[in-house]
2 protein chains.
Amino acid sequence: MLTTLCLACCMGATAQIVYHDASALPLLGKATEATRERYVRLPDSLQHQVRKELTDLGQNSAGLALRFRTNSTCIKARWTVRNNFGMAHMTAVGVKGLDLYGLVDGEWRFAGSGFPKGKQSESTLVKNMTPEAREFMLYLPLYDGATQIEIGIDSLSTLELPQVELPRTGKPLVFYGTSILQGGCANRPGMAHTNILSRRLQRECINLGFSGNARLDLEVARVMAATDASLYVLDFLPNVTLEQMRERTDAFYSLLREAHPDVPILFVENPPFPHALFNQEVAREIAEENAWLRNYVKQLRRKGDKQVSLFTSEQMIGTDREATVDGCHFTDLGFTRYAEQLLPVLKKLLAK
Amino acid sequence: MLTTLCLACCMGATAQIVYHDASALPLLGKATEATRERYVRLPDSLQHQVRKELTDLGQNSAGLALRFRTNSTCIKARWTVRNNFGMAHMTAVGVKGLDLYGLVDGEWRFAGSGFPKGKQSESTLVKNMTPEAREFMLYLPLYDGATQIEIGIDSLSTLELPQVELPRTGKPLVFYGTSILQGGCANRPGMAHTNILSRRLQRECINLGFSGNARLDLEVARVMAATDASLYVLDFLPNVTLEQMRERTDAFYSLLREAHPDVPILFVENPPFPHALFNQEVAREIAEENAWLRNYVKQLRRKGDKQVSLFTSEQMIGTDREATVDGCHFTDLGFTRYAEQLLPVLKKLLAK
């Protein structure tokens, strides 16, 4: 459907880098187009309607990715972020950097990451390539918001719209969840598990992960219900208490189910947090919440919803207890394992 | 061999935290005791003898770990680092944080990480444990140097010397290498691959990784030759040019071999840097250096050294090209895969 549009085709005597604003390039991973700014995840209408934490986190660009095609031998980026945010347990590349993949023989392959320097950054993503046209995907910051992005290419090369639609095939998968879903603590943006899954499934994945704030807000359920989704994944347990789950889960579920009677909904158990081997309090909470969720999903199925299912978490991130940075947030090891466990489950649900 | 020594046994009415300096606790991972300061890796005598970069990096505490035993329900740490260093592509926890493992049924299990706040930090590593005596191992910062470490326990509990020697069984393995070996870019100190291997082998591993500076300095070979090692792993290729390899490899190897005629020496190829799929220059360098090394090791074996071998890198970090943060430095995914590939090779060499 996309037509090939030559956005830039400058001729020059030497291979200088020329920057082009990315705003005309296709953007993947948005739940809504009702935003004045481009690289945000929640509609502007939610401002002052929901908790400030949610609208702030909605301005983080987790799960968003730009698509383009170029024959440049070098790709650079210049970008500005909203907050210049930082965390001790996550790399700056993951928080506010960029991550470039190229399409090789039909598979997305890592090409290079963009190192942030502060609010404004410039970084070489990849260089020394042969000058042939390739498809690229550029993942945006996970825990900060990009406000402007420019892509730099050789002055003699072209920056074009993609010629293939990958990974945007069919309807998107929509994920709702916590800091972990938002990508905490992937080493680079492409390693948040929704981004890994998008590459592996060749499907668009929409990331509605809100660090510390997946508290079953019904306003978010309405945004999700308004998307034309192929599948909903609800992965919120670490952010809610047992009481909050009891109070709000059914209303959240019902908003999705009423709008989409036949779309699969997958509930996800608490991760097997590694430090629960030592921390008895964490072990108790995990067990209680998982037991409640198992029973809730069983009840839904008994009431006749055959499109609702449960992802049990025992094998979610392996069994060596090594896959987190702090007992809670996944590293690239955790995200890779989680994606590999989810992949066959999602494929099966999508094939229904 | 270690005797149980009650370093602290305070009685009090409430469970307050009491801090104890860690300087009396056993320290693993040092190549030399000839240092005035405790948490450093190279002997003081090298100062002004070698390049400043090397002595500076020698003050990073990569691969060092404290051992202790406590029945505290909570373990905290207070620590000071030398440089308050930071990098965009590595977490602060990995660079200058701490990482605690507990021994459960004979296996080292992640218990909690220490989040740095600056030059001086205080962090809760684990809490809500049952009050029973356990063995712990605390990994020190990878890319900064700890200058002081205190361990905080419940005032009613005891901090003791370990009762088991694990992972210090037999002679240590000694690793020489680059930023990757030093732990760039593990998410937390325990995930540098020498630390993973130490836990899996239940052997002490000495980390002589020097970021950007594994240039076959003979002074470092002399430090290594002075250790009573069970195995040497030489993993320096990414830091040397082909010319430097030709000039210095044999002298470096000879210093080790003359001091230890029968100790296995394992040379390691360049990692299969993922971005080499795009960057032709990197692809060319990897291939050239690996070819030279393969031939060099073949020559050594032809000359009669049957205790020298080569680790080929094709499967080193998997084949999905996802295991680095920047095309070069390993994430926890890369380090885990590397350790899993090295493990059977090292076991075989140690069994010889």
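Residues numbered from 1 in each chain as written. Chains lettered and ligands numbered in written order. Predicted model: local features only at pLDDT ≥ 70, side-chain atom pairs only at ≥ 80, totals over all residues.

## What about the overall build of chain A?
The criterion, for reference: Here a helix means four or more residues in a row that DSSP labels H or I, a strand means two or more in a row labelled E, and each is numbered from the N terminus. Our radius of gyration looks at C-alpha atoms and nothing else; its globule reference is 2.2 Å times the residue count to the power 0.38. In this scheme every C-beta is placed from the backbone, and a residue whose C-beta has 20 or more other C-beta atoms within 10 Å is buried, one with 12 or fewer is exposed, and one in between is partly exposed. Contact between residues is assigned whenever the C-beta positions, reconstructed from backbone atoms, fall within 7 Å.
Looking only at helices and strands, chain A features 8 helices and 16 strands. Its C-alpha atoms give chain A a radius of gyration of 20 Å, near enough to 20 Å, the size a compact globule of 352 residues would have. Here chain A holds 352 residues, and 55% of them are scored as buried. Counted over contacts in chain A with a minimum sequence separation of 6, partners at least 24 positions apart contribute 80%.

## Thoughts on the sheet that holds strand S5 (residues 75-81) of chain B
All names here are of chain B. Short version of the rule: DSSP bridges decide pairing: two strands pair if at least two such bridges lie between them. Axes here refer to lines fitted to C-alpha atoms; in helices the fit is confined to the stretch in contact. Angles between the N-to-C directions go from 0 to 180 degrees.
Ordered by their spatial adjacency, 4 strands build an open sheet running S2-S10-S5-S8, and the pairing between neighbours is antiparallel. Whereas interior strands pair on both sides, the edge strands pair on one side only; in this sheet they are strand S2 (17-21) and strand S8 (120-126). Within this sheet the neighbouring strands show an average axis-to-axis angle of 25°, counted without direction. In this sheet, S8 lies alongside S5 in antiparallel orientation, the contact comprising 6 bridges. Bridge pairing in S8 places Trp79 opposite Ser121.

## What to know about the nonpolar core
Note on soluble globular proteins: their nonpolar side chains tend to be buried together. Stated precisely, the cut-off is as follows: By convention in this section, buried Ala, Val, Leu, Ile, Met, Phe, Trp, Tyr and Cys residues joined through C-beta atoms within 7 Å make up a nonpolar core.
Counting 204 residues, the largest nonpolar core has A:Met224, A:Tyr232, B:Met224 and B:Tyr232 as the members making the most contacts within it. Ignoring sequence-local partners within four residues, the contact set of A:Tyr232 consists of A:Val174, A:Met224, A:Leu256, A:Val263, A:Ile265 and A:Leu266.

## Points about the domain arrangement of chain A
Accessible area lost during the coming together of the parts is what is often quoted as the interface size. Residues and elements named next belong to chain A. Rules: The source of the domain bounds is an automatic or database domain assignment.
Parsing chain A into structural domains produces domain 1 (13-160) and domain 2 (173-351). The interface of domain 1 with domain 2 comprises 33 residues on the first partner and 31 residues on the second. Elements supplying a minimum of two residues to the side of domain 1 that touches domain 2: helix H1 (52-58), helix H2 (92-96), strand S6 (98-104) and strand S7 (107-114).

## Looking at the interface of chain A and chain B
Every contact between the two is made by 40 residues of chain A and, on the other side, 40 residues of chain B. Breaking the side of chain A that touches chain B down by element, the ones donating at least two residues are H2, S6, S7, helix H7 (280-302) and helix H8 (332-351) of chain A. If one sorts the elements of the side of chain A that touches chain B by residue count, S7(A) sits on top with 5 residues.

## Quick notes on the environment of A:Leu218
Residues and elements named next belong to chain A. With respect to the secondary-structure elements, Leu218 resides in helix H5 (residues 218-225). On the basis of neighbour counts, which here come to 14 C-beta atoms within 10 Å, the residue Leu218 falls in the partly exposed class. Here the alpha-carbon distance between Leu218 and Thr249, two residues 31 residues apart in the chain, equals 9.5 Å. Dropping the residues within four chain positions of it, Leu218 is found in contact with Ala251, Phe252 and Leu255.

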